[in-house]
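Fold and contact review
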Amino acid sequence: MINILFGGNYKVFDGILLSLLSMTKHCKEPINVYILTADVTELNPEYKPISQEDGELLDKLVKKVNASSNVKIIKLGQEFNNWIMNSENKLNSYTPFAFLRLFADKIKDLPDKIIYLDTDIMFNGNVRELFDYDITNYELGVVKDRLGRFFIRPGYFNSGVLLINMPKIKETKLFERVLDLCTSKKYAFPDQTGLNKLIKYKLYLPRRFNEQGNLRDDTVIQHFCKRIKLFPYFHTQNVKPWQIEQVHKLYKWYHYDDIYEEYNKIKRK
């Protein structure tokens, strides 16, 4: 059984749907998918949780590929809301739902080994390749950040794909310490910065498990991160997988079109 973790509010449903469609295209084994969500409408009316109905739709989707697969929605309660409302990072360029993964060690239902994924990733290979890495002596398996390793420091990693060793996380209290750090100090990339600052035991994984640039022959996971473009003038591009016209127009990527066809069928229903 392969274990997967997502987090977010109702607006990331399309991203999770695309991720699972591409994941199950390349992996026919049973997968357990856990989706962390919360109701933070006291901070913003748009911060509504992912619904159980959406979870049921995704559950049917993965079961079509393997009847033993499951999708479970886990709604965090007042502990998460209290932390957000008291954090220096409750308002920044990212939503509070970026912090959901840092509460994973407090959830009894989660397995000891699990892959956390941002909701703007697509699969081009079998997730089993990543899940089989031995991280017994590590807190996290990580991939270096495409830009951060140049502009911040060489070992700086991206937090959008994490292979998590939950017993080790609980032993070192990594997630708790990151939450404490982000309570009192504001950062541009709070959760990612905290993980990079406080992690003690990390295993660097090949870039094919979190490819933040163009697709390569060996890419397993492609992450749709913000890009810096120098020509014809300096600017950034931040195209997400569900922005299909932009994916075609700006990136000239057509290798997901079979996934997009299935996605559009589901959306029409």
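Structure: see above.
Residues numbered from 1 in each chain as written. Predicted model: local features only at pLDDT ≥ 70, side-chain atom pairs only at ≥ 80, totals over all residues. Heavy atoms only, no water.

Now for the nonpolar core. Across soluble globular proteins, you tend to see nonpolar side chains buried next to one another. Judged by nonpolar contacts, the single largest core of 49 residues is most densely connected at I4, L20, I35, L58 and L117. Here I35 is in contact with F6, I16, I50, L58, V71, K72, I73 and I74, once residues within four sequence places are set aside. (Core = buried A, V, L, I, M, F, W, Y, C linked by side-chain atoms within 4.5 Å. Buried < 20%, exposed > 50% of the residue type's maximum accessible area, 1.4 Å probe, protein only. Contact = heavy atoms within 4.5 Å.)

Residues K60, K64, K265, R268 and K269 make up a contiguous surface patch of positive charge. At the level of elements, helix 2 (52-65) and helix 10 (257-268) are the ones that each hand at least two residues to the positive patch. As for its position among the elements, K269 is in the segment after helix 10. (Patch = residues over 30% accessible without salt bridge, like charges linked within 9 Å, V, L, I, M, F, W, Y side chains within 5 Å. Areas by Shrake-Rupley, 256 points an atom, 1.4 Å probe, with all protein chains shown as cover. Salt bridge = Lys/Arg side-chain N within 4 Å of Asp/Glu carboxyl O. Lys, Arg positive; Asp, Glu negative; His and termini not counted. Charge placed at Lys NZ, Arg CZ, Asp CG, Glu CD. Helix = DSSP H or I, 4+ residues; strand = E, 2+ residues; numbered from the N terminus.)

Here the focus is the pattern of salt bridges. In total, this model carries 15 salt bridges according to the counting rule given. Of the charged contacts, one joins E46 and K11 as a salt bridge, the two residues approaching to 3.2 Å between their closest N and O atoms. Separated by 35 residues along the polypeptide, E46 in the loop between strand 2 (31-37) and helix 2 and K11 in the loop between strand 1 (2-7) and helix 1 (13-26) bring together distant segments of the chain. A salt bridge links D120 to K240; the shortest N-O distance between them is 2.6 Å.

Our next topic: the packing of helix 7 (residues 174-184) against helix 8 (residues 190-198). At their nearest, the axes of helix 7 and helix 8 sit 9 Å apart, and the two run at 125 degrees to each other. Classified by the angle their axes make, helix 7 and helix 8 are oblique. In terms of crossing hand, the pair formed by helix 7 and helix 8 is right-handed. Residue-level inspection shows L174, F175, R177, V178, L181 and C182 of helix 7 in contact with helix 8, the latter providing P190, D191, G194, L195, K197 and L198. (Axes fitted to C-alpha atoms, helices over the stretch in contact; angles between N-to-C directions. Parallel < 35°, antiparallel > 145°, perpendicular 65-115°, else oblique. Left-handed = near helix turned anticlockwise from the far one by under 90°.)

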